[in-house]
Amino acid sequence: MKRIVYLFGLLLMLASCQHQVKDAVVVNEHPKIYPDYVNVTIPVNIAPLNFDFAGGDMERMDVAVKGSKGGELHVQGEEADFDVDEWHEIVAQNQDGHLTLTVCVEKDGKWTQYKDFNIYVSTYALDEWGLTYRRIAPGYEIYSHMGLYQRNLSNFEEVAIIENTHVPGMCVNCHSARQTDPSRFVFHVRGNHGATMFQIDGKREWLKAKSDLLGGSMVYPYWHPSGKYCAFSTNQTRQGFHVVPNERIEVFDLSSDVFVYNPITHEIITDSLLSTKDWSENTPVFSSDGKTLYYMTCYQREYPLQYKDEKYNLCKIDFDPETGKFGNHVDTIFNAVKMGKSLTWPRPSYDGKYLLFTLMDYGYFSIWHNESDQWLLDLKTGEARCLDEINSSKADSYHNWNLNSHWVVFTSRRDDGYYSRLYLASIDEKGHFTKPFLLPQRHPYDYYSKSLYSYNTPDFTKTKVEFDAYNAAHEILSDERVETQAK
């Protein structure tokens, strides 16, 4: 009997809500929502795109979702909070179609119905399990509480891979997996117990943080597609802090060189073309076929005095995976300096078509440069263009591709100008990107408004990263390190 009364009351409440929405005043404008998910394109397996009303005070919001290929969904409350299973069901039903959302808002007992908007469901799959990234306080002056984390893209689950609470004073950064596969995983540890960690098929090794051969640490790693090699740069990095408004931090290198490491033989492969006296070589990445090494290079200046003259070009050199030898000449493939700009964070697509990079006025620490924009280089034609469809007026920076090269993740400060957050966008066969969308959260406004951390160095991960942080912390503190040797 109680169940019947409950169901009758629920039906009566729904009927009342529908009647109220039915009598709503219709306005010819899209609702202001946070995050801005109006007309974005999503992969079929993404977590629910929950959102809050950002157009002023209201008492409750009613959201009706209808699929172009079928299916309906309805929520009502203080925010749009969709059931995960119901969301996945309607999104899967409408792949290569779209969802139409009708948003009504009640204030002072009166409803307003806003103009419908669509969420498009891409035909391109995003098969990776999730994302990996670093979270850190945006000041970067001290390590504070930070770490490497991973997030399931199909729901809201986030777990730490390793945090600096495991080892006081530790900073973890520069993590990389082989083409999104974490069975080969690497990251660098800074601090009193510094090291470079390699985990291959579950087995960990800790390399000596600094080598006399290199003259610095092994940073900015990038795996060869075969998994046989990992490219690094070795940098003598310094930070400077601005005293003028809207400019905060600069990073520059007293020196930097590029090399390749073989984790099986523990051999470091260097070349005089990649370790020059007057030039700083930095952030190496392999091409999709593993036969080319891209990197950026800058004529060395007197820092910090000439910090605005730190400007990088994009170069490439041949690499033979069979012999582990480099070619005998270097080619400049994008001359940013000629444009009065600096290039950073090169990332080639895994299908071999493109190379994504960031362009800024100077330096390479683009995350604090509001003028930094993302560019796309066509590796076949050599043509490059600014990606106006995904850039903003704030810093757009660190980016990576998913394995089928139809999705990218990148950081942007477009939300508030202070915190870098993660955005995703899709690219079609002609090289055009869809409108980016903010990484979904269960309660987005509450989550992002209260978060004190910036995201950086994001990457897709094929599967969940299996990492034993507890035992890894003991290994870090033990200071047992593997020595590297020159080839």
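Keep in mind that this is a model prediction, so the values were computed, not measured.

A.B. asks: Teacher, can you tell me more about the overall build of the protein here?
C.D. replies: Helix and strand counts for the protein stand at four helices and 37 strands. Here the protein holds 487 residues, and the buried ones make up 54% of them.

A.B. asks: Can you help me understand the sheet that holds strand S29 (residues 354–360) in this one?
C.D. replies: One key point about sheets: their strands pair by backbone hydrogen bonds, in either a parallel or an antiparallel sense. If you walk across this open sheet you meet the four strands as S28-S29-S30-S31, and the pairing is antiparallel. The sheet is open, and its two borders are formed by strand S28 (342–348) and strand S31 (384–386), each paired with just one other strand. Neighbour-to-neighbour, the strand axes of the sheet open up by a mean angle of 25 degrees, direction not taken into account. As defined by bridge partners, S28 adjoins S29 across five bridges and the pair is classed as antiparallel. When the bridges of S29 are listed, threonine 344 appears paired with threonine 358.

A.B. asks: Help me understand the environment of serine 412 in this model?
C.D. replies: If you trace the backbone, serine 412 turns up in strand S33 (residues 407–412). Among residues more than four places away in sequence, those in contact with serine 412 are Ser392, Ala395, Asp396, Tyr419, Ser420, Arg421 and Tyr423. Side chain to side chain, serine 412 and aspartate 396 meet in a polar contact 2.6 Å long. Looking at serine 412, its side chain comes within polar contact range of the side chain of arginine 414, at 2.7 Å.

A.B. asks: Before we go on, may I ask you to explain the pairing of strand S32 (residues 396–401) in this structure?
C.D. replies: On a regular strand, each side chain points to the face opposite its neighbour's, so the side chains alternate between the two faces of the sheet. Counting buried residues in S32 gives six out of six residues, a clear majority hidden from the surface. As defined by bridge partners, S32 adjoins S33 across four bridges and the pair is classed as antiparallel. Among the inter-strand pairings, tryptophan 401 is bridged to a residue of S33, identified as valine 408. The hairpin turn running from S32 into S33, its antiparallel successor, is five residues long, and serine 405 in that turn takes a positive phi close to 60 degrees.

A.B. asks: For this particular structure, what's the right way to read the sheet that holds S32?
C.D. replies: Ordered in space as S32-S33-S34-S35, the four strands form an open sheet in which the pairing is antiparallel. A strand with exactly one partner marks an edge of an open sheet, and here the two such strands are S32 and strand S35 (437–438).

A.B. asks: It is not clear to me how the nonpolar core should be interpreted in this structure. Could you clarify?
C.D. replies: A general tendency of soluble globular proteins is for nonpolar side chains to be buried together. In this structure, Ile42, Phe51, Val63, Phe82 and Trp87 are the most contacted members of the largest nonpolar core, which totals 89 residues. In this structure, Ile162, Phe185, Trp206 and Ile476 belong to the second largest nonpolar core, which totals 22 residues.

A.B. asks: Sorry if this is basic, but what is going on with the environment of threonine 100 here?
C.D. replies: With respect to the helices and strands, threonine 100 occurs in strand S7 (residues 98–107). Distance from threonine 100 to valine 65, taken between C-alpha atoms, is 5.6 Å for residues 35 residues apart in sequence. In terms of polar contacts, threonine 100 uses its side chain to reach the side chain of asparagine 118, at 2.9 Å.

A.B. asks: Sorry if this is basic, but what is going on with the pattern of salt bridges here?
C.D. replies: Where charged atoms of side chains with opposite charge meet at close range, the side chains can pair. Counted according to the given criterion, the structure contains 16 salt bridges. Taking the shortest distance from any N to any O, the salt bridge between aspartate 36 and lysine 435 comes out at 3.0 Å. Highlighted residues: aspartate 36 in the loop between strand S2 (33–34) and strand S3 (41–42) and lysine 435 in the loop between strand S34 (421–426) and S35, separated in sequence by 399 residues. Arginine 481 serves as the salt-bridge partner of aspartate 479, at 3.6 Å between the closest nitrogen and oxygen. Aspartate 479 sits in the partly exposed class, given a relative accessible area of 41%.

A.B. asks: Is there a simple way to think about the confidence of the model for the protein in this case?
C.D. replies: Predicted coordinates in areas of low pLDDT are best not read in detail. Of all residues in the protein, 89% have pLDDT values of 70 or greater, and the mean over the chain is 90. For residues 1–19, every residue scores under 50 in pLDDT, and the model assigns this stretch two contacts once sequence neighbours within four places are set aside.

A.B. asks: Would you explain helix H2 (residues 84–93) in this entry?
C.D. replies: Counting along an α-helix, one turn takes 3.6 residues, and residues three or four places apart therefore face a common direction. Turning to H2, its buried residues number three or more, namely Trp87, His88, Ile90 and Val91. Tucked into the core, H2 has its buried residues touching S3, strand S5 (60–67), strand S6 (72–77), S7 and strand S9 (117–121). Its side-chain oxygen 3.1 Å from the backbone nitrogen of aspartate 85, aspartate 83 forms the N-cap of H2.

A.B. asks: Any chance you could explain the state of the cysteines here in plain terms?
C.D. replies: Where two cysteines share a covalent bond between their sulfur atoms, that bond is called a disulfide. In total, this model carries zero disulfides according to the counting rule given. The closest cysteine sulfur to the non-disulfide-bonded cysteine 171 is located on cysteine 174, 8.3 Å from its own sulfur. Cysteine 171 sits in the buried class, given a relative accessible area of 1%.

A.B. asks: Explain the packing of aromatic side chains here, please?
C.D. replies: A ring pair, where both rings are aromatic, is described by two values, the distance of the centres and the angle of the planes. Here the structure, examined in full by the defined rule, presents 23 aromatic pairs. Ring plane angle 90 degrees and centroid distance 6.1 Å describe the contact between tyrosine 34 and tyrosine 445, whose orientation is recorded as edge-to-face. Placement of tyrosine 34 in strand S2 and of tyrosine 445 in helix H3 (residues 444–450) is noted, with a sequence separation of 411 residues between them. Given the relative accessible area of 51%, tyrosine 445 is considered exposed. Taking 5.7 Å as the distance between ring centres and 15 degrees as the angle between the ring planes, the aromatic pair formed by phenylalanine 232 and phenylalanine 259 counts as stacked. Of this pair, phenylalanine 232 sits in strand S20 (residues 230–241) while phenylalanine 259 sits in strand S21 (residues 249–262), and the two are 27 residues apart along the sequence. Each member of the pair, phenylalanine 232 as well as phenylalanine 259, carries the same accessibility label: buried. Cluster of aromatic residues (ring-pair linked, three or more members): Phe198, Trp223, Phe232, Phe259 and Tyr261. The lysine or arginine in question, arginine 204, covers the ring of phenylalanine 467, its NZ or CZ lying 5.4 Å from the ring centre.

A.B. asks: Looking at this structure, how should I read the environment of lysine 462?
C.D. replies: For lysine 462, the location among the structural elements is in the loop between strand S36 (454–461) and helix H4 (469–478). Sequence spacing of lysine 462 and leucine 403 is 59 residues, and the spatial spacing of their C-alpha atoms is 8.4 Å. When neighbours within four sequence positions are excluded, lysine 462 is seen to be in contact with Glu128, Trp129, Thr180, Asp181 and Pro182.

A.B. asks: What is the right way to read unusual backbone geometry from this model?
C.D. replies: Note on backbone geometry: most residues besides glycine have negative phi, and most peptide bonds are trans. Going from tyrosine 34 to proline 35, the amide bond is cis rather than trans, its omega being -5 degrees. Positive phi values are uncommon outside glycine, yet aspartate 108 reaches one of about 55 degrees. As for its placement among the helices and strands, aspartate 108 is situated in the loop between S7 and strand S8 (110–113).

What counts as what
- Residues numbered from 1 in each chain as written.
- Predicted model: local features only at pLDDT ≥ 70, side-chain atom pairs only at ≥ 80, totals over all residues.
- Heavy atoms only, no water.
- Helix = DSSP H or I, 4+ residues; strand = E, 2+ residues; numbered from the N terminus.
- Buried < 20%, exposed > 50% of the residue type's maximum accessible area, 1.4 Å probe, protein only.
- Pairing = 2+ DSSP bridges.
- Axes fitted to C-alpha atoms, helices over the stretch in contact; angles between N-to-C directions.
- Contact = heavy atoms within 4.5 Å.
- Polar contact = N/O pair within 3.5 Å; in protein donor to acceptor, adjacent residues only side chain to side chain.
- Core = buried A, V, L, I, M, F, W, Y, C linked by side-chain atoms within 4.5 Å.
- Salt bridge = Lys/Arg side-chain N within 4 Å of Asp/Glu carboxyl O.
- pLDDT = per-residue confidence, 0-100.
- Disulfide = S-S within 2.5 Å.
- Phe/Tyr/Trp six-rings, centres within 6.5 Å; stacked < 30°, edge-to-face > 60°.
- Lys NZ or Arg CZ within 6 Å of the ring centre and 35° of its normal.

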